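Summary of structural features
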Amino acid sequence: CFFSGAGRVSSDRKRKSKILGRANEKMLLKRTFVNVFSLVGGIAFVDAAYLASEHYFGRTVVCTFFNGCDKVLSSGYSVVFGVPVSYIGVIFYAVLLGLILMYAFNGNEKILKLLIGLTGIGFLTSFYLVYVQIFVIRALCLYCLISATSSTALFLIALLAFIKVRFDKASEKVGPADAKAMAGK
């Protein structure tokens, strides 16, 4: 019958529309992830670069919110094997920004895993350094706290993106109805 073929065409269009909609949603989520990660990583990079430049030129850091910047930045904890932590931070955040740029172009899941690993190390290091500021040095550095907050945010952003990618892959394998059931919908 002529009309039954028309129903199939309409059904095919709906299915293609859903597939395109999911693809657009994935692209939007990836772009959002890359943009947010880049923004937070950029803030952290500028923060670390400011501290590194002030250290390099021997200038005092302007600390407006807390009065402990000088105490923290001149402590023995501000240097690791003779290298200022701020220099390590500049390299760390530059590497993260390079990796997120690579991920933006190729979407390779291995890069995402590497980002989780590196940001996890950054998070744990920041956690330790904040502990040292509070309980050992007994002073807080605003710029160090910005870096710690950024490291934490970058780790959470990368982890959430990885979970989303894995969930999307799993839902593609099991089908949309099973994915909804897995999501509790």
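The structure under discussion appears in the preceding block.
Residues numbered from 1 in each chain as written. Predicted model: local features only at pLDDT ≥ 70, side-chain atom pairs only at ≥ 80, totals over all residues. Heavy atoms only, no water.

1. Quick look at the pattern of salt bridges
Note the following rule: Throughout this description, the term salt bridge denotes a Lys or Arg side-chain nitrogen within 4 Å of a carboxyl oxygen of Asp or Glu. Residue exposure (1.4 Å probe, protein chains only): buried if accessible area is under 20% of the type maximum, exposed if over 50%, otherwise partly exposed.
In this structure the tally under the stated criterion is two salt bridges. Its salt-bridge partner being E54, residue R59 comes within 3.0 Å of it at the nearest N-O pair. According to the relative accessible area criterion, E54 is buried, its value standing at 9%. Of the charged contacts, one joins R166 and E109 as a salt bridge, the two residues approaching to 2.7 Å between their closest N and O atoms.

2. Details of the packing of helix α3 (residues 85-106) against helix α4 (residues 109-137)
Stated formally: Think of each axis as a best-fit line through the C-alpha atoms, taken over the contacting stretch in the case of a helix, with angles from 0 to 180 degrees between the N-to-C directions. Secondary structure elements are defined from DSSP: runs of H or I of at least 4 residues count as helices, runs of E of at least 2 residues count as strands, and each element is numbered from the N terminus. The scheme is simple: roughly parallel for angles under 35 degrees, roughly antiparallel for over 145, roughly perpendicular for 65 to 115, oblique for anything else. In this scheme the crossing of two helices becomes right-handed for a clockwise turn of the near helix relative to the far one and left-handed for an anticlockwise turn of less than a right angle. Should any heavy atoms of two residues lie within 4.5 Å, those residues are considered in contact. Under the scheme applied here, ten amino acids are nonpolar (Ala, Val, Leu, Ile, Met, Phe, Trp, Tyr, Cys and Pro), four are charged (Asp, Glu, Lys and Arg), and all others, including Gly, are polar.
Relative to each other, α3 and α4 sit at 155 degrees, their axes nearing to 10 Å. In terms of axis orientation, α3 runs roughly antiparallel to α4. The way α3 lies across α4 gives a crossing that is left-handed. Here V85, F92, V95, L96, L99, I100, M102, Y103 and N106 of α3 come into contact with α4, specifically with I111, L112, L114, L115, L118, T119, G122 and L129. Partitioned by chemical class, the residues of the contact of α3 with α4 number 14 nonpolar, three polar and no charged.

3. Overview of the nonpolar core
Nonpolar side chains in soluble globular proteins generally cluster together in the buried interior. Stated precisely, the cut-off is as follows: Among buried residues, those of type Ala, Val, Leu, Ile, Met, Phe, Trp, Tyr and Cys that are joined through side-chain atoms within 4.5 Å constitute a nonpolar core.
In terms of nonpolar packing, the biggest core is built from 24 residues, with F33, F37, Y93, L96, I100, Y103 and L115 touching the most fellow members. For this core, the elements supplying multiple residues, two or more each, are α1 (2-56), α3, α4 and α5 (142-174). Residue contacts for F33: discarding those within four places in its chain leaves I100, Y103, L112, L115, I157, A158 and A161. Of all hydrophobic cores here, the second largest spans twelve residues; its members include V61, C69, I137 and Y143.

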